[in-house]
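# Residue-level structure breakdown
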Amino acid sequence: LFNGWSNTSVVTEFILLGLSSSRELQLFLFLIFSVFYGAAVLGNIFIILIVITDSRLHSPVYFLLSNLSFIDVCQATFATPKMIADFLSEHKTITFQGCMSQIFFLHVFGGSEMVLLVAMAYDRYIAICKPLHYMTIMSRKVCAILVGVSWAIGILHSSSHLAFTVDLPFCGPNKVDNFFCDLPLVIKLACLDTYVLEILVLTNSGLLSLICFLLLLISYTVILTTVHRQSPGGTSKALSTLSAHITVVVLFFGPLIFIYIWPFESFPIDKFISVFFTVFTPFLNPMIYTLRNKDVKEAMKKLRSRNVGSK
């Protein structure tokens, strides 16, 4: 074992064990995930295009929504295409550089999305509790700053992970029991006592997740309390307005809560959570926002009638 760490790593690639070793099941999963990945990417790109092309959606809430869709496209793409290709491959390997890249992008997109969800909750707070000042407070400049801050925090959060991971000594074990390079699983392969590193990873990710989750809870509580105080019958209307956003928050933070309860223990459900986080959440988000949002549905109808008219 190494007492300190240096870049004397002899591992040049990692083996990804994937979701299953059954050839028949892998072919089935190839078809299933190809469909879900395609739908996730197309659905989110569709939302971005609708927000850009429809002038009625040129407002802060839809600007933030289009940025959420962009992050979801990135979240779905950092590992899923390789997973789909690996279903048809016998040797599921990834280079050391590729593995570090996956770790970096996972935490960039995950961290950015967490902060962006807080920004979207702040937007709803201003819209519901201070409607007369909404356009003044949520100016284009403020929206751009909120999005910029979400990306900056995501990059900073991810860089702090990568700073100590990239120079860890990997001198033999190189099998990762997942379909992408998950940071806790990769750290465990290092040739040194990783207990302190595991605590650092848990503290870094757990602290950001906890702060964002608490800010979201506070914003929802303030919104509902304010609405109930102003109009006791308006609470249900406020809940209806917030329902899509709350659903997305639950889908995002639900898996994270499980991950941070047992961060360095391996369970069969871990792979399902990884799939849910990287494929199904980006797939579900566009459906949640389009099915529950009257403005987006109107914009879709308008776009459809415009295409029919041009034909």
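Here is what the cut-offs are and how they apply
- Residues numbered from 1 in each chain as written.
- Predicted model: local features only at pLDDT ≥ 70, side-chain atom pairs only at ≥ 80, totals over all residues.
- Heavy atoms only, no water.
- UniProt positions renumbered as here; feature names shortened; annotations may be inferred.
- Helix = DSSP H or I, 4+ residues; strand = E, 2+ residues; numbered from the N terminus.
- Expected span 1.5 Å × (residues − 1).
- Buried < 20%, exposed > 50% of the residue type's maximum accessible area, 1.4 Å probe, protein only.
- Salt bridge = Lys/Arg side-chain N within 4 Å of Asp/Glu carboxyl O.
- Axes fitted to C-alpha atoms, helices over the stretch in contact; angles between N-to-C directions.
- Parallel < 35°, antiparallel > 145°, perpendicular 65-115°, else oblique.
- Left-handed = near helix turned anticlockwise from the far one by under 90°.
- Contact = heavy atoms within 4.5 Å.
- Nonpolar A, V, L, I, M, F, W, Y, C, P; charged D, E, K, R; others polar.

An unreviewed UniProt entry lists the chain under the name Olfactory receptor, with Catagonus wagneri given as the organism. On record in UniProt, under Function (unreviewed entry), the comment for the chain is "Putative odorant or sperm cell receptor." Here is the UniProt Sequence similarities (unreviewed entry) comment for the chain, exactly as written: "Belongs to the G-protein coupled receptor 1 family."

## A short note on helix α2 (residues 60-77)
Between its first and last C-alpha atoms α2 spans 26 Å; for 18 residues at 1.5 Å apiece the expected length is 26 Å, and the two agree. Burial of α2 is extensive: 14 of the 18 residues sit out of reach of the surface.

## What about the pattern of salt bridges?
If you walk through the whole model with that rule in mind, you get five salt bridges. When the shortest N-O distance is used, the salt bridge between K82 and D86 registers 3.3 Å. With K82 and D86 both in helix α3 (residues 80-86) and four residues apart, this pair spans about one turn of that helix. By relative accessible area, K82 is classed as partly exposed at 23%.

## Side note on the UniProt feature "transmembrane region" (unreviewed entry) in the chain
Under the UniProt annotation, the feature "transmembrane region" (unreviewed entry) is placed at residues 27-52, 61-80, 100-122, 142-164, 207-227, 239-261 and 273-291. Between the end C-alpha atoms of residues 27-52 there is a gap of 38 Å, over a span that is 100% helix and 0% strand. A distance of 34 Å separates the end C-alpha atoms of residues 142-164, which is 100% helix and 0% strand.

## Focus: the packing of α2 against helix α6 (residues 140-165)
Put simply, α2 and α6 touch, their axes get as near as 10 Å, and they point 25 degrees apart. As the angle between them shows, α2 and α6 are arranged roughly parallel. In the crossing of α2 with α6, the sense of the turn from one axis to the other is right-handed. Taking contact as the criterion, the partners of P60, F63, L64, N67, F70 and I71 in α2 are, on α6, C143, A144, V147 and W151. A class-by-class count of the residues in the contact of α2 with α6 yields nine nonpolar, one polar and no charged.

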